[in-house]
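Residues per chain, in single letters:
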Amino acid sequence: MKQKSVGLTLRALILALVLSLVAGTPALPPFEGVAYAQSSGLQASVAPDNSSVTLTWNAVSGADSYEIWRGEVVDNLAQWGNSAYATVNAPAVTYTDNSVTAGATYAYGVRSVTGGTAAGWTGPYPNVMIGGGTAAPTAMPSVSVQADGDTAIDITWTPVADATSHQIQYWRSDWDSTDPWMLISGNQTSPYKHTGLTPGITYYYVVRGNNDGGMGPWSSWRTDGSSVTLQGVTSVPVLTLTRVDRTTVDITWTSTGPGAQYDLQRRKVYVDDQGASMMDTWGRLPSGLLTGRSHRDGAANYVPTTAMSVMYEYQVRAQASDGTTGAWSATKSVSIPKAGAILPAPTMGLSAGPVSDSIVRVTWENVAGAEFYELQWKSGDRSYSNPIRVNRPDSGNPVYDHTNLSPSTTYMYQVRSVDINGAGDWSTAFSGTTRSTQAAAGQMPQVMGLTVTDATTNNDGDARMAKLTWNAVSDASHYEIQRYDPSTTNGWQDLATPPVDGVTRITKAEAGSPPTYNDTIENGSAAGKTFFYVVSAVEDGVDNEITTVVDNEMGQWSDHKSVTFKAHKPGPPTAAMGVKTSANSILVSWTPPVPDTTSGSMTGAATSYTVLWRPGDSNNWRSEAATGMSYHHTGLRGNTSYFYRVRAENSGGESAYVPIAQNDTGGVVLGNTLTAPRGLKAEAVSDDEIKVSWTAVSGASGYEVQRFNTTDGMWGNFAGTADADDDATDAMIDDTGLTASTTYLYRVRTKKETAVSGWSAAVRGTTNAAEQPAPTLVATSTGMSMIRLSWNEVAGATTYELQWLEGTYADTGAFDAPNLGRASVTISGTHRNYVHTGRKAGTRYSYKLRAVLAQGGETAWSSPVLQYTKPAKPALSASSAISTTVVLTWDAVSFVAAAGTAARLTTADNYVIQRRLAVTNAWATVDTSGITCTEVAASKCTFTDTGADLTDPPVGLQPSTRYYYRIRATATRDEIVYTSYWDYEHQNTSNR
């Protein structure tokens with residue numbers, strides 16, 4: 001089946017490609033059990049004013065009506081309803097959705113209904129983004145990963161502009177190629193440590209930035225720094241030697257498992273002065289076992305004399321935690337080449353052959369003496385890559401699989417040998433070409449190898465030119481090109497005016513020449529901006545086997561490529577001036593140039609500045625770089641004139657230098673002058689007040705204090721002048737009416753009559769967090785040695801401070817009385833409970849809690865709460881002197897009295913006693929009215945059990961019979977019943 005180009009039905013993919021630039025291209029979820037499929041039948045277009053979306057689709061023969069389904073896209077997943085969004089009666093094949101929200105994203109699906117039965121889906125059409133609202137991030141982060149041991153990886157990335165959060169996905173090399181990428185839950189900040197990983201596995205990572213407008217594009221997992229292979233765990237360590245210099249070698253080995261220690265040994269092999277081969281015995285290196293998996297050996301003599309050649313051999317074995325040792329590793333050796341000798345370039349076996357449409361296998365024959373090799377590569381007219389290290393294999397010749405390449409693309413390679421003396425010359429260049437990607441039936445192959453470069457020849461002009469090149473596609477009659485400007489809402493635009501058949505046509509290049517196209521953008525609209533391009537191959541006049549009309553066969557659009565044009569160079573800064581700030585410093589400042597959008601004289605915004613200065617007028621100019629709007633020049637000589645000039649710069653060039661406004665002498669003269677105050681501090685007083693203070697300057701008549709206004713980006717006087725006292729040692733002023741949890745910037749300068757000093761260095765002050773209510777504390781007895789405390793969450797809490805004391809805070813009228821022996825503990829702000837252990841049994845404790853807030857300050861203390869621990873269990877003993885009685889005794893249990901003093905439980909109501917005849921019988925409660933307790937300091941309690949409650953024959957306790965007993969203490973305080981744990985005992989009645 002042939003694919004049409006007439007009408008460009010394939011352009012339904014364009015919007016999805018636009019969105020891949022804006023929101024990434026993760027896999028889409030199933031829709032009612034049917035996986036998303038790109039269909040040419042359903043198309044969606046957004047009205048220019050973002051007020052509606054119009055859908056069109058191909059008619060279905062015999063259909064009575066069509067169901068339109070709509071899902072709002074959240075986190076790149078469509079939230080579909082339980083019923084159709086709208087219904088359109090046939091023969092209509094269009095529908096306009098007028099209920100859309102600016103800044104939202106929707107997905108649509110359409111299916112036909114015939115005789116009440118719904119047919120298959122046309123679509124769904126993914127991710128229709130409505131303009132307006134917050135724009136999603138467009139930049140891709142640059143990701144770097146590094147192994148941390150063999151079970152963790154550190155992930156870092158460059159923050160994305162306009163992103164409020166970042167997400168991470170990863171993929172493992174042991175997964176099937178159809179397995180999805182896994183999202184690491186939550187929004188993450190760089191750096192992020194991914195833990196609990198599997199040794200020996202390669203992990204790939206991508207990161208994207210998100211905001212309220214949606215998701216940005218995922219970073220590329222094909223870049224060199226976005227994947228890492230963790231060190232595998234082996235039963236026998238595998239040694240690796242890396243020479244640091246001529247006297248040092250780094251030794252590493254693989255892990256054999258957690259808790260292992262390693263025995264590393266070394267021996268020397270050499271030729272003595274008489275030419276005889278000598279070998280020392282193995283010796284442990286260093287003196288003890290190693291817990292890590294690396295060692296730097298700098299103690300051996302790695303520099304051979306003229307009469308002696310030297311080689312060192314190493315081996316290692318593991319020792320488990322139980323003392324057992326494993327087998328020795330294979331021996332690795334290090335030898336020393338002659339100083340100054342350079343290895344030759346590899347010349348034999350240079351080969352680069354395709355493995356697939358994305359892999360080229362590069363091989364060459366070993367060079368004697370090479371420790372490792374470096375490989376560099378390039379494609380097209382680009383520069384060679386940074387060298388890639390390829391280790392020398394233990395056996396055979398080196399092999400390097402160059403992966404993540406583009407199909408149908410030729411790559412050039414060079415290789416060189418490296419030893420301790422450095423790298424040799426690069427080999428002659430040799431090339432390999434990846435295979436073509438098989439195209440779908442009836443479709444031209446996808447264009448590969450697209451590159452876009454800035455080919456502008458005159459950056460001072462208004463126009464910018466992008467040069468596109470790509471790999472030729474056989475059988476292509478012409479190519480179609482589109483351009484996308486992310487700064488507009490226009491979507492993808494055809495380049496020709498007018499386009500041919502609705503698209504730009506580029507005639508097929510001659511054999512052996514790559515197709516090229518130069519895109520010129522006039523009127524200065526491209527300067528400093530990024531544009532994206534795609535290319536498709538088309539074969540003219542192909543019978544599509546569906547209709548007698550001869551159509552064109554069009555290929556899938558290429559991967560999009562971008563180019564960032566240089567900006568218009570900036571105009572010169574204005575209002576440049578220099579002001580003395582001390583006897584040895586000058587503050588040079590200026591106003592940024594305002595960009596000029598007038599055609600023919602356009603200028604751009606400045607991104608940096610260069611300040612030139614010199615002391616006197618006969619010295620050479622010296623330069624200083626600056627990114628802000630001022631440069632504070634310190635450490636200068638007093639009573640000296642200094643001259644300055646400054647220019648603005650950006651990617652398009654630099655402005656002319658402008659001189660700094662100077663006095664009549666032609667320079668800024670340093671002499672005795674007022675000094676700026678020292679010791680400036682800005683400290684929060686409350687959630688709406690900051691105290692600004694500094695060390696007073698002797699002789700000052702006052703001070704001027706300024707606060708930076710983030711609204712207009714200017715410094716301003718917020719509180720006028722603070723009077724100075726000649727006898728004062730410091731000065732201060734309060735800034736009130738501020739916003740909670742907000743950072744403010746302050747500076748101060750000295751005044752003396754009409755003279756002023758330079759400004760002090762600015763300091764930051766952050767107001768406290770807004771006042772929060774005190775937490776509500778609840779205490780529960782959970783044992784005779786612990787009390788569980790819980791409380792509600794306090795917004796903005798970083799920690800909670802808990803105080804307690806033994807006894808009752810009301811006993812002395814104040815919790816804070818120092819003689820109560822209170823203690824405290826700090827608890828994480830993420831916790832909502834705390835178990836207080838190690839307490840005394842049967843004792844009363846008082847507690848209070850407050851939250852410490854993120855921006856400083858704390859809440860009020862909670863209302864104090866009181867709780868008792870459980871009483872201790874009675875220590876029960878039993879005896880029998882009479883055949884029908886058992887005597888139970890125990891020490892009376894202590895439990896704090898209402899007055900707060902220790903007391904003993906000595907009444908019958910304070911104990912529960914239960915009895916049973918056999919361990920399989922149920923416990924029965926015994927009448928304890930006969931309990932007696934002596935009223936002494938070490939009170940004893942006694943109870944004589946006659947079995948009076950046993951009224952069924954046999955009546956009472958029986959001779960020579962074993963009875964089982966248990967007892968627990970009980971007490972009531974503040975209408976709460978506290979019980980101890982049971983204590984158990986058994987006793988045989990006497991046979992007499």
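Scroll up for the structure.
1. Describing the pattern of salt bridges
Part 1 of the reasoning: Tallying each qualifying case throughout the model produces 23 salt bridges.
Part 2 of the reasoning: Among the salt bridges present, the one from Arg111 reaches Glu67, with a minimum N-O distance of 2.8 Å. Taken together, the residues span a long stretch of sequence, with Arg111 in strand S7 (residues 105-114) and Glu67 in strand S3 (residues 65-74) at a distance of 44 residues. An identical accessibility class is assigned to Arg111 and Glu67; each is buried.

2. Some details on the sheet that holds strand S10 (residues 153-157)
Strand-to-strand pairing in sheets goes through backbone hydrogen bonds, with the strands running parallel or antiparallel.
Part 1 of the reasoning: Judged by pairing direction, the sheet is antiparallel, and its 3 strands sit side by side in the order S9-S10-S13 without closing on themselves. Of all strands in the sheet, those with a lone pairing partner are strand S9 (143-147) and strand S13 (192-194), marking the two edges. Adjacent strand axes in the sheet meet at a mean angle of 25 degrees, parallel and antiparallel pairs treated alike.
Part 2 of the reasoning: Relative to S13, S10 runs antiparallel, the two sharing 3 bridges. Paired with Ile153 across the bridge in S13 is His194.

3. Quick notes on the nonpolar core
Part 1 of the reasoning: Within the largest apolar cluster, 25 residues are counted, with the highest numbers of intra-cluster contacts made by Leu888, Trp890, Tyr911, Ile913, Ile931 and Tyr965.
Part 2 of the reasoning: For this core, the secondary-structure elements that each account for two or more residues are strand S67 (886-891), strand S68 (911-916), strand S71 (940-945) and strand S72 (962-973).
Part 3 of the reasoning: By residue number, the principal contributor to this core is S72, which donates 5 residues.
Part 4 of the reasoning: Non-local contacts of Tyr965, meaning those with residues more than four positions away in its chain, are made with Leu876, Val886, Leu888, Ile913, Gln914, Arg915, Trp923, Asp945, Leu957, Asp983, Tyr984 and Glu985.
Part 5 of the reasoning: With 20 residues, the next largest nonpolar core counts Ile481, Ile521, Ala537 and Val563 among its residues.

4. Quick word on the packing of aromatic side chains
Note on aromatic pairs: each is described by the distance of the centres and the angle between the planes.
Part 1 of the reasoning: Scanning the model with the defined rule gives 24 aromatic pairs in all.
Part 2 of the reasoning: Arranged with centres 5.4 Å apart and planes meeting at 55 degrees, the rings of Trp791 and Tyr800 form a pair that is tilted.
Part 3 of the reasoning: A residue is classified by how much of its surface remains accessible, and Tyr800, at 0% relative accessible area, is buried.
Part 4 of the reasoning: Members of the aromatic cluster, joined through ring pairs, are Tyr170, Trp171, Trp175, Tyr203, Tyr204 and Tyr205.
Part 5 of the reasoning: The ring of Tyr657 carries the charged tip of Arg645 above its face, separated from the ring centre by 4.9 Å.

5. Focus: the sheet that holds strand S66 (residues 877-879)
Part 1 of the reasoning: Pairing is antiparallel across the open sheet formed by 4 strands, whose spatial order is S66-S67-S71-S70. Two strands in the sheet have a free side with no partner beyond their single neighbour: S66 and strand S70 (932-933).
Part 2 of the reasoning: Looking at chain direction, S67 and S71 are connected through 6 bridges and run antiparallel. Note on S71: the bridge partner recorded for Leu888 is Phe943.

6. Re the side chain of Asp297
Part 1 of the reasoning: The residue Asp297 is located in strand S22 (residues 294-297) in this model.
Part 2 of the reasoning: Residue class for Asp297 comes out buried when judged on its relative accessible area of 1%.
Part 3 of the reasoning: Here Arg266 takes part through its side chain, which lies 2.8 Å from a polar atom of the side chain of Asp297.

7. Remarks on the state of the cysteines
Part 1 of the reasoning: Evaluated as defined, the whole model comprises 1 disulfide.
Part 2 of the reasoning: Disulfide pairing places Cys933 opposite Cys941 at an S-S distance of 2.1 Å. Judged by the sign of its S-S torsion, about 110 degrees, the cystine formed by Cys933 and Cys941 is right-handed.
Part 3 of the reasoning: A relative accessible area of 14% means that Cys933 is categorised as buried.
Part 4 of the reasoning: Under the relative-accessibility criterion, Cys941 is labelled buried at 0%.

Reading guide: rules and limits
- Residues numbered from 1 in each chain as written.
- Predicted model: local features only at pLDDT ≥ 70, side-chain atom pairs only at ≥ 80, totals over all residues.
- Heavy atoms only, no water.
- Salt bridge = Lys/Arg side-chain N within 4 Å of Asp/Glu carboxyl O.
- Helix = DSSP H or I, 4+ residues; strand = E, 2+ residues; numbered from the N terminus.
- Buried < 20%, exposed > 50% of the residue type's maximum accessible area, 1.4 Å probe, protein only.
- Pairing = 2+ DSSP bridges.
- Axes fitted to C-alpha atoms, helices over the stretch in contact; angles between N-to-C directions.
- Core = buried A, V, L, I, M, F, W, Y, C linked by side-chain atoms within 4.5 Å.
- Contact = heavy atoms within 4.5 Å.
- Phe/Tyr/Trp six-rings, centres within 6.5 Å; stacked < 30°, edge-to-face > 60°.
- Lys NZ or Arg CZ within 6 Å of the ring centre and 35° of its normal.
- Polar contact = N/O pair within 3.5 Å; in protein donor to acceptor, adjacent residues only side chain to side chain.
- Disulfide = S-S within 2.5 Å.

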